[in-house]
Amino acid sequence: MIKENIAEIRRRMDAAARKAGRDPGEILLCAATKMNDADRVREAIAAGVDCCGENRVQELVQKSALHAYDGKPVHFIGHLQTNKVRQVVGKVDLIQSVDRVELLACIEKEAARQDLIQDILLEINIGAEESKSGFTPEEAKAVAAAMDRYPHCRLRGLMAIPPISEKSGSNCRFFEEIQRIAVDITTKNPHNSSMEVLSMGMTDDFEDAIACGSTMIRVGTAIFGARHYQ
Ligand SMILES: *Cc1c(COP(=O)(O)O)cnc(C)c1O
């Protein structure tokens, strides 16, 4: 099932990229692996996802110990508490969900302690939703302009989770805005930054995200099926 699902997503990614006049090779598929065990993660990797994204530190630690992600990069994509930063910095290739200055400062401190450079994305609360964390566009631009304060972090781009897509096309304006923010930041050429990653688009809206410049979609349900929360 996982293998067939991924093949179908790849087909849809290719079609969406071509329709937008883009090279399908420039868009990565990140498997959102929350609530899926190590064997299912391995199945997704074998079927050709480009990377895995974990939401919870506990799952990341457990599946890492089982070598679930071997062969592909693993990213952190969930809300990260500062007291868990130690378990994530240096353990993942990219922290996509840097959503507040306090967290960035904490990541910087831990990366300096470990003497490494941690790749990060800034998460934008693009729908200005009460229920979601993330920077406003203005805050994100200010943080990017101050990246020289965080020499052990490298800003690689932006991540966004827009409101649930009501109908096809409804999130395009959010994706377009993320793209504009990234261009804006790039123009200012901030320290230790290269804004090539635009992580946006999930099961319900990834084709729209690709039409609007996404370079990485994060897909859970369409790969693994519905999650059953207890
Ligand atoms: C779960 C999750 C996804 C994937 O969501 P689906 O709708 O199941 O594809 C993407 N990004 C983040 C941050 C997530 O937590």
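Everything below is about the structure shown above.
Sorry, what's going on with the layout of surface pockets here?
Empty space left among the atoms is revealed by rolling a probe the size of a water molecule over them. Taken as a whole, the largest pocket holds about 530 Å³ of empty space. Every residue lining the largest pocket is counted, 27 residues in all, and those nearest its centre are Lys34, Ile161, Met202, Arg218 and Arg227. A class-by-class count of the residues in the lining of the largest pocket yields 9 nonpolar, 10 polar and 8 charged. Reported here for the second largest pocket is a volume of approximately 170 Å³. As for the second largest pocket, its lining consists of 13 residues, and the residues nearest its centre are Leu28, His75, Arg156, Val197 and Met216. Its residues assigned to classes, the lining of the second largest pocket comprises 6 nonpolar, 2 polar and 5 charged.

Can you walk me through the site of the ligand in this structure?
Taken together, the residues surrounding the ligand are Ala32, Lys34, Asn55, Ile77, Ile161, Met202, Thr203, Arg218, Val219, Gly220, Thr221 and Arg227. One nitrogen or oxygen atom from the side chain of Arg218 is found 2.8 Å from a nitrogen atom belonging to the ligand. Measuring from an oxygen atom of the ligand, one finds a side-chain N or O atom of Arg227 at 2.8 Å. Bound to the protein, the ligand loses 90% of the 390 Å² it would expose on its own. A molecule is said to occupy a pocket when more than half its atoms come within 2 Å of that pocket's grid points, and by this definition the ligand occupies the largest pocket. Grouping the constituent residues of the shell around the ligand by class yields 5 nonpolar, 4 polar and 3 charged.

Parameters at a glance
- Residues numbered from 1 in each chain as written.
- Predicted model: local features only at pLDDT ≥ 70, side-chain atom pairs only at ≥ 80, totals over all residues.
- Heavy atoms only, no water.
- 1 Å grid on protein atoms, 1.4 Å probe; cavity = no way out; pocket = protein on both sides within 12 Å on 5 of 7 lines; lining within 4 Å.
- Points joined across faces, edges and corners; volume = space filled by probe spheres on them.
- Nonpolar A, V, L, I, M, F, W, Y, C, P; charged D, E, K, R; others polar.
- Near = heavy atom within 4 Å.
- Polar contact = N/O pair within 3.5 Å; in protein donor to acceptor, adjacent residues only side chain to side chain.
- Areas by Shrake-Rupley, 256 points an atom, 1.4 Å probe, with all protein chains shown as cover.
- Sits in = over half its atoms within 2 Å of the grid points.

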